[in-house]
Amino acid sequence: MLAKAFPVDLRRCQVLGLAGTACLALGGETAGALPARQLLAPTAPHAVLGLVGVYFGLVLLTAAWVLLGRLVRGGDPPTPRALVLVLAVWAAPLLIAPPLFSRDVYSYLAQGAMVDAHIDVYAHGPSRLGGPLADEVAPLWQHTGAPYGPVFLALAAALSGLTRGELPAGLVGMRCVALFGVALMAAALPRLARHSGADPSAALWLGALNPLVLLHLVAGAHNDAIMLGLLGVGLVAALGGRPALGAVLITLAALVKAPAALGLAAVLVLQLRAGRHPVRAVLTTTTAVALTTVTATAVAGTGYGWIGALSTPVSSQNWALTSLLGRATRALLERLGSDLAPLAVPAWHALGLAVTAVALVAIWWRLRPRPVYALGLSLATVAAFGPAIRPWYALWGLFLIAAAAPTTSVRHRMAAVAGVLTLAVLPDGGPADASRLVLAVSGGALAVVVLWQARLAARTPTALGRPA
């Protein structure tokens, strides 16, 4: 109804989205994932107003994105360059906002400081570092090792050295790293779409301008941005006939976060499609992977402990599908007095991994001619059935599905998923309670009322202008 009610042009979308992210940034000043010394009680008036403001802005931003999607599907869609400008305008207020929707950026900074101080970041949590920076890390991660690869930890350590452990400068620096990743994503999407026979503008709208990117990669400064950016440009290189370069870039992405390693399957498939002998294709890829891994690890000086630390994101509070089913099964077995109760969660995790493995084989067997789309579905499957999930994990698959989806209906379904996950986390990254949910709903409802009034105002001049 919203898309049909408003007259749509690129400038209106730009202004509406800018208003949304400006409200997000302003609300985040009191309701965001603030440093510990600046945190307010949830019932404090400024915190209440900030939470309402964040969800007011979130609804405005989502409305702008939906309207922009209507424009992209129209007869005269905006060019990719124009959409990149919209992305820059929407992101601008978030650059100076405090961290939003997660406290992970504080973990990144603490882990970088640990590497800079020659503390084994895979064997120890930020509590070993101590001091004000470690105090900012969420209690859940205080005593757990980093699950990230040497490329990201080397970036975090270099940033720690440049900023000398100062929190404000570190937050700005980490957001710049995330912005670089988003820029790589925006650069890669149109090229991936053209190679896949898809519309570049539609790919940018879904893959780079969706609210999840702005909330979690820009405002949240998650390292998934640099992972996806490197993965995207690596695929572009491989599609352009440079498989060795593609393998190097994708390996760098995997040395930020491990799921990107699935991109190497696409590099192999593309070489086979180009007529390269299978043995030569495997040798080219494995050589590039090995040299890149050894070099990056030696430069970072962190060792290979990240392989054993990949289970770090699995926590007792995780709301992945297999974790939820595992906890429900454990509770049932405990009520029945069964000794098998402690095995319930590990069993469901193992089943999820088995389902993922079978699904990946089926996806690649069926979609060999469409490796970018196959990779997008594979990453979406890993996120959905893996033992750990966060809302921004959906971007792993969505980014590539946006570039290579074979039908508009697939994009619509992915857009709906993104819209739902946009609402899944509170701006301070903490758990929700009834009173805060009421405030969030109130902020969103207020935005709906404002949009409805704007719709009526947009229609009034037309009605008054009709002849009697």
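None of these values were measured; they are calculated from a predicted model. (Residues numbered from 1 in each chain as written. Predicted model: local features only at pLDDT ≥ 70, side-chain atom pairs only at ≥ 80, totals over all residues. Heavy atoms only, no water.)

Visitor: Help me get a handle on the overall build of the protein, residues and values and all.
Guide: Within the protein, the secondary structure is distributed over 20 helices and zero strands. The C-alpha atoms of the protein give 23 Å as radius of gyration, which agrees with the globular expectation for 468 residues (23 Å, within 12%). Considering only C-alpha atoms, the protein reaches an extent of 80 × 55 × 55 Å along its principal axes. Burial analysis of the protein (468 residues in total) assigns 53% to the buried set. In the protein, once contacts between residues fewer than 6 apart in sequence are set aside, the share between residues at least 24 apart is 75%. Counting only carbon and sulfur atoms, one obtains 68% of the accessible surface of the protein, whose full area is about 20,600 Å². (Helix = DSSP H or I, 4+ residues; strand = E, 2+ residues; numbered from the N terminus. Rg over C-alpha atoms; globule rule 2.2 N^0.38 Å. Buried < 20%, exposed > 50% of the residue type's maximum accessible area, 1.4 Å probe, protein only. Contact = heavy atoms within 4.5 Å. Areas by Shrake-Rupley, 256 points an atom, 1.4 Å probe, with all protein chains shown as cover.)

Visitor: An account of a nonpolar patch on the surface is needed here, citing residue identities and associated values.
Guide: Together, Leu321, Leu325, Leu351, Val355 and Phe385 line one region of the surface with nonpolar side chains, adding up to about 370 Å² of accessible area. Among the secondary structure elements, those contributing two or more residues to the nonpolar patch are α15 (321–335) and α16 (344–366). Tracing the sequence through the fold places Phe385 in helix α17 (residues 371–385). Here Phe385 falls in the partly exposed class, since its relative accessible area comes to 30%. (Patch = residues over 30% accessible without salt bridge, like charges linked within 9 Å, V, L, I, M, F, W, Y side chains within 5 Å. Salt bridge = Lys/Arg side-chain N within 4 Å of Asp/Glu carboxyl O.)

Visitor: Please provide a residue-by-residue account of the confidence of the model for the protein, values included.
Guide: One rule of thumb: low pLDDT means the predicted coordinates there are not for detailed reading. For the protein, the average pLDDT comes to 89, and 95% of its residues sit at 70 or higher. Predicted confidence in the protein is weakest over helix α1 (residues 2–5), with a mean pLDDT of 52, and strongest over helix α11 (residues 224–239), with 97. The low-confidence segment residues 463–468, where pLDDT is below 50, has zero contacts with residues more than four positions distant or belonging to other chains. (pLDDT = per-residue confidence, 0-100.)

Visitor: I'd love a proper account of the environment of Met185, names of residues and values included.
Guide: With respect to the helices and strands, Met185 occurs in helix α8 (residues 167–195). Put simply, Met185 and Leu204 are 19 residues apart on the chain and 8.9 Å apart in space, counted from C-alpha to C-alpha. In this structure, Met185 is in contact with Gly207, Val213, Leu217, Ala225, Leu228, Gly229 and Phe399, ignoring residues within four places of it in sequence.

Visitor: Explain the layout of surface pockets to me, using residue names and the numbers behind them.
Guide: By volume, the largest pocket is sized at about 1,100 Å³. Around the largest pocket sit 46 residues that line it, and Val425, Asp428, Gly429, Gly430 and Pro431 are the ones nearest its centre. Contributions of two or more residues to the lining of the largest pocket are made by α2 (10–31), α3 (45–72), α5 (104–116) and α20 (434–464). Here the lining of the largest pocket gets five residues from one element, more than from any other, and that element is α20. (1 Å grid on protein atoms, 1.4 Å probe; cavity = no way out; pocket = protein on both sides within 12 Å on 5 of 7 lines; lining within 4 Å. Points joined across faces, edges and corners; volume = space filled by probe spheres on them.)

Visitor: So, the side chain of Ser107: which residues are in play, and what are the values?
Guide: Relative to the helices and strands, Ser107 is located in helix α5. If we skip the residues at most four places from it in the chain, Ser107 touches Val137 and Trp141.

Visitor: I'd like to hear about empty space enclosed by the protein, residue by residue, with values.
Guide: Following the criterion strictly, the structure yields one cavity of 30 Å³ or more and no others. Taken together, 14 residues form the lining of the largest cavity, with Leu109, Leu133, Ser160, Thr163 and Gly165 sitting closest to its centre. If you list the elements that add at least two residues to the lining of the largest cavity, you get α5, α7 (150–163) and α8. Among the residues making up the lining of the largest cavity, the classes are represented as eight nonpolar, five polar and one charged. (Nonpolar A, V, L, I, M, F, W, Y, C, P; charged D, E, K, R; others polar.)

Visitor: Run through the packing of α3 against helix α4 (residues 80–95), naming residues and quoting values.
Guide: Two packed helices can be described by the angle between their axes and the distance between those axes. One can describe the packing of α3 onto α4 by two numbers: an axis separation of 13 Å at closest approach and a directional angle of 175°. With respect to their mutual orientation, α3 and α4 come out roughly antiparallel. Residues Leu61, Ala64, Trp65, Leu68 and Val72 of α3 form the contact with α4, whose own contacting residues are Leu83, Val86 and Trp90. Residues that form the contact of α3 with α4 fall into these classes: eight nonpolar, no polar and no charged. (Axes fitted to C-alpha atoms, helices over the stretch in contact; angles between N-to-C directions. Parallel < 35°, antiparallel > 145°, perpendicular 65-115°, else oblique.)

Visitor: Mind laying out the nonpolar core, listing which residues take part and the relevant values?
Guide: Formed by 139 residues in total, the largest nonpolar core has its most connected members in Leu68, Trp90, Leu231 and Leu400. Of all the elements, α3 adds the most residues to this core, at 15 residues. If sequence neighbours within four positions are ignored, Leu400 has contacts with Leu192, Leu231, Leu235, Val372, Leu375, Gly376 and Leu379. (Core = buried A, V, L, I, M, F, W, Y, C linked by side-chain atoms within 4.5 Å.)

Visitor: Which residues make up α8, and what are the values?
Guide: In this model, α8 (29 residues) spans 42 Å end to end at C-alpha, consistent with the 42 Å of a helix rising 1.5 Å per residue. Phi for Gly197, located one or two positions after α8, is positive at around 75°. (Expected span 1.5 Å × (residues − 1).)

Visitor: Describe the pattern of salt bridges, and please don't skip the residues or the numbers.
Guide: All told, the structure shown has four salt bridges when counted by the stated rule. When the shortest N-O distance is used, the salt bridge between Arg12 and Asp9 registers 2.7 Å. On the basis of relative accessible area, Arg12 is assigned to the partly exposed category, the value being 46%. Taking the shortest distance from any N to any O, the salt bridge between Asp428 and Arg436 comes out at 2.8 Å.

Visitor: Quick rundown of the packing of aromatic side chains? Include the residues and the values.
Guide: Aromatic rings considered in pairs are described by the distance between their centres and by the relative angle of their planes. In total, this model carries six aromatic pairs according to the counting rule given. Taken together, a centroid distance of 4.6 Å and an interplanar angle of 15° make the contact between Trp65 and Trp205 stacked. Separated by 140 residues along the polypeptide, Trp65 in helix α3 and Trp205 in helix α9 (residues 200–207) bring together distant segments of the chain. On the basis of relative accessible area, Trp205 is assigned to the buried category, the value being 7%. Between Trp392 and Tyr393, the aromatic rings sit 6.2 Å apart at their centres with planes inclined by 85°, giving edge-to-face as the arrangement. (Phe/Tyr/Trp six-rings, centres within 6.5 Å; stacked < 30°, edge-to-face > 60°.)

Visitor: Could you give me a rundown of α17, with the residues and numbers involved?
Guide: In this model, α17 (15 residues) spans 21 Å end to end at C-alpha, consistent with the 21 Å of a helix rising 1.5 Å per residue. Elements in contact with the buried residues of α17: α8, α11, α13 (263–273), α16, α18 (394–404) and α19 (408–422).

Visitor: With reference to specific residues and values, describe unusual backbone geometry.
Guide: A positive phi angle, near 70°, is found at Phe101, a position not held by glycine. Mapped onto the secondary structure, Phe101 falls in the loop between α4 and α5. Assessed through its relative accessible area of 2%, Phe101 is described here as buried. The backbone phi angle of His118 is positive, close to 65°, even though this residue is not glycine. Within the secondary structure, His118 is located in the loop between α5 and α6 (131–135).

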